[in-house]
Structure formats: C-alpha cells, structure tokens
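Residue-level structural notes
Read off the chains here:
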Amino acid sequence: MSVIDRTTRATPARPRKPRNPLRTAVWVGILAVFALSLYGIEIRWDRLLDLPQNLVRYAGLMFAPPDVSALGKAVSATIESVQMAWFGTVLGIVVSFPLSFLAAANIGPLWLRWPLRIVFAVIRAVPEVVIAILILSVTGLTAFTGALAIAIGSVGTLGKWGYEAIEGAEKGPIEAARAAGGSTAQIVRWGLWTDVAPEVFAFWLYRFEINVRASAILGLIGAGGIGSMLVDNVQYRQWGAVGMLLIVVVVITVLIDQVSGQVRRRIIDGSWGWQRKV
Amino acid sequence: MSASVSTRPVKPRSAWKTVVTLAVIGLITVWAGVGVGADLGDIIDNWGNATGKLIQLMQPDYWFFPETVDAILETLQMAVIATAIGAAISFPLSFAASRVTNPNRPLLTVVRGIMNVVRAVPDLLYAAVLVAVVGTGALSGILALIVFNVGIIVKLVSEALDSVDRGPQEAALAAGGTWIAADRSAVAPQIFPAFVSQSLYTLELNVRASAVIGLVGAGGLGMLIDNVRTFYKYHQLSLIILEILVIVLALELISSWARRKLVG
C-alpha cells in the first residue's frame, strides 16, 4: 500500500540484509575443504587424549628445574644464531637494495622489472632450510651457510617490500626533482629516497626479527646455533637442557623484538616508545 | 646568480649521528661475520661443486611425482586444519589482546605477555618438542602449526583492532551494552575483513612452514625432503621445490580471489 497510515506510528520493518550467494558459496567451499582435510588425513587422534597429561610431564622434565649447567651452551648457541641472522640480513639488504629500485615500475625498465619480480617470488616460495640444503655443497655445513641461506631468503621479501614502497612513493617530490633538471640518480636520492627511507628501514628491522627465528631453524640441518643444540638434546632426551634453551631463546628473542620495535617506532614516528603521544 | 639568493634555512645536520650509527652497524656486522666464519675463499674454492648441483637442480625428476602425492596432500591437509583451528582460537584472543576491546588492564597485560612468549619460539622448536610429546606424524605438525598460527593471527588482528573506529563501540557502550556485546556488535564487523585476510595469509605460511617442520618428523613434505636430502637426490629435491612453488603460487591466487569475494 502506498498510503501512509498515520494512525499507528509503527517503526518500519528493518530492511533485509542483502544476500550474497557467491559469498555463501565461498564459505561452504571453505567448510568443505576443512571437512575433507579432517576426513582424509591419517592421524591418531587418540593421542590427543594423553596430550594434557604429557605436556605437564614434559614441562616438568624441561622446566622443573631447567638444567642450569646448560646455560652457557644455550647462550652461545643463541648468540651464534643471532650472528647468523644479522650477517644474513645485512648481506640480504646489500643485494636487495639496488634490485628493489630496478624492480619498481617508476624506475626499472620493463624487461628487467619482470624477471626480477619472478626471482623474488620464487625465492619467497622456497623455505630457508631448503635453500640451505641447496647451497650446502658450496659452503659446507657451517654457520656461514646458514647466513647465506638467510641472505638469499631475505632478498625475496625485502625485494618485494622495497619495490612496493618505492612504487608507493609520493609523486610530487619526484616531479619537482625532475622539473629542476635532476639526473636519475639525483631524482632517486632527493625525490624518492627521502620519502621511502623510513619505511624501508622499518622493513629491514622487521626482516631481521624474522631472520632471528629462521636462523634457529637452520641449525637443524647442522648449520650450528639453536637448531643444532635442540636436535642434539632432544635426541638424547636431555629435557632439562631443552628447557634452558627455550628460556634463553624466549628471553633473547623478546629482547631483540623490543629493541627493534623501539628503533622502528623512532624511525617511523620520530618518538621513542616510552614517549607516549598525548 | 647572486649568492644572496640562498636564503634557504640551513638544514640541521647530524652527521656525527649518522657516522656513529654506521660505525656501530659495521662493527656488529664484522662481529657477526667472524662469528659465523664468513669466508669468501671457501665459496670460490667449492664453486665447482655448486655448478654440478645446480645442473642437477635444473633437471627435476618428474617420475618421482607419484611418490610425492601423499606428502603433498598431507601438507595441504595439515595447513588447512591448523589454519582453521588456529583462526578459531585467535579470534576471541585478539579481542583480549587489544587495548581497544579489552578494558581489563591486568588481563590485557597477561594475554599480551603470553602471546609475546608464544611468538618468540620458532615454529620448528614447537614441532621438535611436540614430536617428542605426541610422537612423529601429522598430529604433532598440526599442533605446532596451530600454536604458530595463533601467535601470528593474534598479533596482526589485535594490531588492526588497535586502530579501529571507536565510534560505534562507544555508542553501544553508551546505550548500556556490556563490553562483550559492544565488541561483538560494533567492533567485530569492522575487523572481520582483516581477520579473514590474515587467516588466508597464514594458510600460505603454513604450507611453507610444514615443509620445514617435517624435517623433525612432523609429517608432510618436510619428511620427504629429509629423506631425499640424506641421499643427496638433487633431481628429486628439485621436483619437491617445484611442487612447493606451484602450491604456494596457486594458494596465493586462490586466497586473493577468496579475500575479494569474502571481504569486498
């Protein structure tokens, strides 16, 4: 009825929520994939029943008390992992920095841009451990191999983040530098770099945090550091030492994240973390 | 041009700061380089080995494919199950871990502290310990991935929550809603797209991670990689790498499509 009934002041019915059949279909698809995965996988679910009890038992073996005599070894293993991560990150930065400019649409030529981007994507798809396995034959089983694997792995992400940041740079300063007659190098230095530098520094620090974790993993194939110590101790069921190692890893990683987070904030907002903005 | 044109304000220079920063970074790098035993000579000496391996890598052994199918499926299943369970656990936890949605400061501090510790341990360490606790196989891998996922999703989603528009939430609170009701009806819908994209992103991470955690016996492609690498079968290894590559790229395409459909 088109005539408005003025006698009752009933609130009009709420409009129906628009339905989106495609969205429903996607959700159904996701649920189906999940159900299929659960159905298809061979898992001894009964082991889950013992899990809480086992966790308590192993936590007791590891932490009550942790093996304090392993502290020295745990610290030096963690430091070796951090060194691996740092050296790898620096190497990765040195390689990826120029490459990310060449891969950016506003600087690099098309014929160079696309091959570079494909290389970055391929590297990102391969886990660091696999890279390490591949380069083992050149460098042998050392922490240096781990650092090289981390460097190569970092090029994949740093290259991508770099060219995305460079493409997102403000056009104004670049145009100004070009209008003032700057050479390509001057345009990059004064029109572009000033704009993207904070973002790029933040990426570098963030990648270092990621690499600290990655380096822990690399020891697993024998590249030294936390991974090697972990594998050795788990193998001989020295749970107290594993507990000590976990504590050291947590403390040092949290410490690095805090420091790096503070520096990142300083770079981005220009204020230290404890200077709260009002 | 006369020199008097230059009335530009002098840029405050802090050259010494740059120099000190660079020097510190340089020193740390040298220290780290010595620590890892960096040696360029080694690389040059062994380059011959590498070219041989690289040539093998360029020729994947495609006949190995049938033997990898089970491992691929297991990797994908582990990734899907872990992402789904991890995401389900993460959603409420993210709300507890954000200043905006959790008014209870002590609880906030506790949740954030625990999440920081959870994130500090690399996924592989969880896998190694869990393999010892529940035995080798996919279950330990899934459990390790769940813990790893919760760490990532809670961090990313709670950061998104921190910058959410608080207007609707304040309105709900002013209308007499409880915090939980306000968070659910006024904040959750805003954050849902971010939650979906982060969960899909973790799915991709999981495929890559499960190649790694398998090395300690937690199922999936990693276990296969471990077998192949012990016998230096580079042709087969290169097929596995190729497969991971294809899966990750395919997932990236599917998830960016699903993200558009779910979020847009």
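All figures in this text were calculated on a predicted structure; none of them were measured in a lab. (Residues numbered from 1 in each chain as written. Chains lettered and ligands numbered in written order. Predicted model: local features only at pLDDT ≥ 70, side-chain atom pairs only at ≥ 80, totals over all residues. Heavy atoms only, no water.)

1. Observations concerning the overall build of chain A
What counts is decided by this rule: Where helices and strands are cited, they refer to DSSP runs of H or I of at least four residues and of E of at least two residues respectively, numbered from the N terminus. Two things to know: the radius of gyration comes from C-alpha atoms, and the globule rule equals 2.2 Å times the number of residues to the power 0.38. Exposure classes here rest on a 1.4 Å probe applied to the protein chains alone. A residue is buried below 20% of its type maximum, exposed above 50%, and partly exposed in between.
Within chain A, the secondary structure is distributed over ten helices and zero strands. In terms of overall size, chain A is more extended than a compact globule, its C-alpha atoms giving a radius of gyration of 27 Å where 278 residues would be expected to give roughly 19 Å. Dimensions along the principal axes, computed over C-alpha positions, put chain A at roughly 85 × 70 × 45 Å. With 278 residues in all, chain A has 46% of them scored as buried.

2. A look at the overall build of chain B
Defined as follows: Contact definition: two residues touch when any of their heavy atoms are within 4.5 Å. All accessibility values rest on the Shrake-Rupley procedure with a 1.4 Å probe; residue burial counts only the protein chains present in the view.
The helix and strand inventory of chain B stands at eleven helices and zero strands. Listing the helices and strands of chain B from first to last along the sequence gives α-α-α-α-α-α-α-α-α-α-α. In terms of C-alpha radius of gyration, chain B reaches 25 Å, well past the compact-globule figure of 18 Å for 264 residues. The dimensions of chain B, computed from C-alpha atoms along their principal axes, are 70 × 70 × 40 Å. Sorting the 264 residues of chain B into buried and exposed places 47% on the buried side. Across chain B, every contact between residues at least 6 apart in sequence was considered, and the portion connecting residues at least 24 apart equals 75%. Working note: accessible area of chain B is about 13,200 Å², and carbon and sulfur atoms make up 68% of it.

3. As for the side chain of Ser96(A)
All names here are of chain A. When you line up the elements, Ser96 lands in helix 3 (residues 71-102). Ser96 gets classed as buried once you look at its relative accessible area, which sits at 2%. Not counting chain neighbours up to four residues away, the residues in contact with Ser96 comprise Val155, Leu158 and Gly159.

4. A few points about the packing of aromatic side chains
Spelled out, the test is: Stacked, edge-to-face and tilted are the three classes for Phe, Tyr and Trp ring pairs, Trp counted by its six-membered ring, which pair at centre distances within 6.5 Å; planes under 30 degrees apart are stacked, over 60 edge-to-face, the rest tilted.
In this structure the tally under the stated criterion is 16 aromatic pairs over all chains. A centroid spacing of 5.2 Å and a plane angle of 80° characterise the contact between Trp86(A) and Phe208(A), whose relative ring orientation is edge-to-face. Within this pair, whereas Trp86(A) is found in helix 3, its partner Phe208(A) is found in helix 8 (residues 184-218), the two being separated by 122 residues in sequence. Of the two residues examined, Trp86(A) and Phe208(A), each falls in the buried class. Ring-pair connections join several aromatic residues into one group, and the members of that group are Trp27(A), Phe91(B), Phe95(B), Phe192(B) and Phe195(B).

5. Some points on the packing of helix 5 (residues 128-139) of chain A against helix 6 (residues 143-167) of chain A
Residue and element names in this part refer to chain A. The criterion, for reference: Between the N-to-C directions of two axes lies an angle of 0 to 180 degrees, each axis being a line fitted to C-alpha atoms and, for a helix, fitted only over the stretch in contact. Oblique is the label for every angle not falling under 35 degrees (roughly parallel), over 145 degrees (roughly antiparallel), or within 65 to 115 degrees (roughly perpendicular). Handedness of a helix crossing follows the sense of rotation of the near helix relative to the far helix, less than a right angle counterclockwise being left-handed and clockwise being right-handed. Lys, Arg, Asp and Glu make up the charged group, whereas Ala, Val, Leu, Ile, Met, Phe, Trp, Tyr, Cys and Pro make up the nonpolar group; the residues left over, Gly among them, are polar.
At their nearest, the axes of helix 5 and helix 6 sit 8 Å apart, and the two run at 130° to each other. Classified by the angle their axes make, helix 5 and helix 6 are oblique. Relative to helix 6, the crossing made by helix 5 is right-handed. Residue-level inspection shows Glu128, Ile131, Ala132, Ile135, Leu136 and Thr139 of helix 5 in contact with helix 6, the latter providing Phe144, Thr145, Leu148, Ala149, Ile150, Ile152 and Gly153. In the contact of helix 5 with helix 6, the residues fall into nine nonpolar, three polar and one charged.

6. Some remarks on unusual backbone geometry
Residues and elements named next belong to chain A. Positive phi, close to 55°, is recorded for Arg237, a residue that is not glycine. Examined against the element boundaries, Arg237 turns out to sit in the loop between helix 9 (225-235) and helix 10 (239-269). The exposure class assigned to Arg237 is partly exposed, which follows from its relative accessible area of 47%.

7. Some remarks on the interface of chain B and chain A
To keep it simple, the criterion reads: Accessible-area loss on putting two parts together, using a 1.4 Å probe and summing over both, is the definition of buried area adopted here. Each salt bridge in this description consists of a side-chain nitrogen of Lys or Arg and a carboxyl oxygen of Asp or Glu lying within 4 Å of one another. Throughout this description, a polar contact denotes any pair of N or O atoms lying within 3.5 Å of each other; where both atoms belong to protein, one of them has to be capable of donating a hydrogen while the other can accept it, and for residues adjacent in sequence the pair is counted only when both atoms sit in side chains.
Facing 66 residues of chain B, the contacting portion of chain A comprises 61 residues. Summed over both partners, the interface of chain B with chain A comes to about 5,600 Å²; 78% of that surface belongs to carbon and sulfur atoms. Across the chain B-chain A interface, the total number found is zero salt bridges. Along the contact surface separating chain B from chain A lie seven residue pairs in polar contact (both at pLDDT 80 or more). Grouping the amino acids of the side of chain B that touches chain A by side-chain chemistry returns 46 nonpolar, eleven polar and nine charged.

8. Notes on the nonpolar core
Applied cut-off: Note on terminology: a nonpolar core comprises buried Ala, Val, Leu, Ile, Met, Phe, Trp, Tyr and Cys residues joined through side-chain atoms within 4.5 Å.
Counting 59 residues, the largest nonpolar core has Val129(A), Leu218(A), Ile225(B), Leu237(B) and Ile240(B) as its most contacted members. Examining the composition of this core, we find that ten residues originate from one element, helix 11 (residues 234-263) of chain B, more than from any other. Among residues more than four places away in sequence, those in contact with Ile225(B) are Val130(A), Ile133(A), Ala211(B), Leu215(B), Leu237(B), Ile240(B) and Ile244(B).

9. Quick word on the pattern of salt bridges
Residue and element names in this part refer to chain A. Under the defined criterion, the tally for this structure stands at eight salt bridges over all chains. Residues Glu128 and Arg207 are paired through a salt bridge, measuring 2.8 Å at the closest nitrogen-oxygen approach. On the criterion of sequence distance, the pair formed by Glu128 in helix 5 and Arg207 in helix 8 is long-range, its members being 79 residues apart. Accessibility classification places Glu128 together with Arg207 in one group, the buried group. One salt bridge connects Arg264 with Glu209, and the closest N-O pair in it is separated by 2.9 Å. With a gap of 55 residues between them, Arg264 in helix 10 and Glu209 in helix 8 connect regions that are remote in the sequence. What makes Arg264 partly exposed here is its relative accessible area of 21%. Take Glu209: its relative accessible area is 7%, and that puts it in the buried class.

10. A closer look at the side chain of Gln77(B)
Here Gln77(B) is to be found in helix 4 (residues 65-96). Sequence-distant contacts of Gln77(B), defined by excluding residues within four places in its chain, comprise Leu36(A), Ser37(A), Gly40(A) and Ile41(A).

11. Considering a nonpolar patch on the surface
Here is the rule we go by: To count toward a patch, a residue needs a relative accessible area over 30% and no salt bridge; like charges are then connected within 9 Å, while nonpolar side chains (Val, Leu, Ile, Met, Phe, Trp, Tyr) are connected within 5 Å.
A grouping of Val68(A), Leu71(A), Val75(A), Ile79(A) and Trp31(B) is seen on the molecular surface, where their side chains present a nonpolar patch of about 420 Å² in accessible area. Of all the elements, helix 3 of chain A adds the most residues to the nonpolar patch, at three residues. Note on placement: Ile79(A) falls in helix 3.

12. Quick word on the confidence of the model for chain B
Low pLDDT means the predicted atomic positions in that stretch should not be read closely. Formally: The pLDDT score gives, residue by residue, the confidence of the prediction method on a 0 to 100 scale.
Scored by pLDDT, chain B has a mean of 83; 95% of the residues are at 70 or more. By mean pLDDT, the top-scoring element of chain B is helix 4 of chain B (90), and the lowest-scoring one is helix 2 (residues 40-45) of chain B (73).

13. With respect to the confidence of the model for chain A
Scored by pLDDT, chain A comes out at a mean of 83, with 93% of its residues at no less than 70. The secondary-structure element of chain A with the lowest mean pLDDT is helix 5 of chain A, recorded at 79, while helix 3 of chain A shows the highest, at 91.

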